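Below are the chains, spelled out letter by letter.
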Amino acid sequence: MRHDFQVISEAEYVPLARHETAKVLADWDMSEEVVSTACLIISELVTNVVQHAAVPSRTAAVSLAVDEQPALVPAVADAHPLKPKPLPAAHDLGGRGLSLVDALLREGHGRAEVLPETATGGKRISIRLPLAPVAA
């Protein structure tokens, strides 16, 4: 299963990305926990595009897929070449997004990878969230 869509890199379109993610994953019969986690991750990643990459990247490309493991593989791509890094501490203007994504990935035994997006010169942040229980 795979679903790709784009949203404009403006703050008012972040809820659209979250809504589309929720709709697609519900249609795929994902659990409420997986839907909630994925929506939060997509919201944070698209927000980062809006805040840090909107000038070179007028849109954020979002993809949702399920691989053979099975794992949910959401990703967000933009045309900005700079790789994101979690800030050491949050501040009044933000800085919590990637730390929140990291926490969700640790909790769900997932991982993130930043890959070059050769077509645009930017990057793709690809997430992998296992759908089966992980042995402790």
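1. So, unusual backbone geometry
Inference 1: P70 follows Q69 through a cis peptide bond whose omega is 0 degrees.
Inference 2: Structurally, P70 can be placed in the loop between β2 (59–65) and β3 (71–72).
Inference 3: Not every positive phi belongs to a glycine, and H109 is a case in point at roughly 55 degrees.
Inference 4: Note that H109 resides in the loop between α3 (97–107) and β5 (111–117).

2. A short note on the packing of helix α1 (residues 14–27) against helix α2 (residues 32–52)
Inference 1: Orientation of α1 relative to α2, taken along the N-to-C sense of each, is 150 degrees, at an axis distance of 9 Å. When the axis of α1 is compared with that of α2, the two are roughly antiparallel. α2 is crossed by α1, and the crossing has right-handed handedness. In contact with V14, A17, R18, T21, A22, L25 and A26 of α1, α2 contributes V35, A38, C39, I42, S43, V46, T47 and V50.
Inference 2: A breakdown of the residues in the contact of α1 with α2 according to their chemical character gives eleven nonpolar, three polar and one charged.

3. Let's talk about the nonpolar core
Inference 1: One finds I41, V46, V76 and I127 to be the most contacted residues of the largest nonpolar core, which totals 31 residues.
Inference 2: Where this core is concerned, the elements lending two or more residues are β1 (2–8), α1, α2, β2, α3 and β6 (122–130).
Inference 3: The biggest single contributor to this core is α2, with ten residues.
Inference 4: Leaving out residues up to four positions away in the same chain, V46 has contacts with V7, V14, A17, V62 and V76.

4. So, α3
Inference 1: For α3, the set of buried residues is G97, L98, V101, L104 and L105. Around the axis of α3, the buried residues are gathered within 120 degrees of arc, so they sit on the same side. Facing away from the buried side of α3 by more than 90 degrees, the exposed set consists of R106 and E107.
Inference 2: Contacts from the buried residues of α3 go to α2, β5 and β6.
Inference 3: Positioned one or two residues after α3, H109 has a phi angle of 55 degrees, which is positive.

5. Topic: the side chain of R124
Inference 1: Examined against the element boundaries, R124 turns out to sit in strand β6.
Inference 2: Those residues within four positions of R124 in sequence are excluded, and the remaining contacts are S63, A75, V76, A77, E113, V114, L115 and E117.

6. Considering the pairing of β5
Inference 1: As paired elements, β5 and β6 share seven bridges and run antiparallel to each other. By the bridge assignment for β6, E117 is matched with G122.
Inference 2: Linkage of β5 to β6, two consecutive antiparallel strands, is achieved through a turn of four residues, within which G121 is found at a positive phi near 80 degrees.

Reading guide: rules and limits
- Residues numbered from 1 in each chain as written.
- Predicted model: local features only at pLDDT ≥ 70, side-chain atom pairs only at ≥ 80, totals over all residues.
- Heavy atoms only, no water.
- Helix = DSSP H or I, 4+ residues; strand = E, 2+ residues; numbered from the N terminus.
- Axes fitted to C-alpha atoms, helices over the stretch in contact; angles between N-to-C directions.
- Parallel < 35°, antiparallel > 145°, perpendicular 65-115°, else oblique.
- Left-handed = near helix turned anticlockwise from the far one by under 90°.
- Contact = heavy atoms within 4.5 Å.
- Nonpolar A, V, L, I, M, F, W, Y, C, P; charged D, E, K, R; others polar.
- Core = buried A, V, L, I, M, F, W, Y, C linked by side-chain atoms within 4.5 Å.
- Buried < 20%, exposed > 50% of the residue type's maximum accessible area, 1.4 Å probe, protein only.
- Arc of directions from axis to C-beta.
- Pairing = 2+ DSSP bridges.

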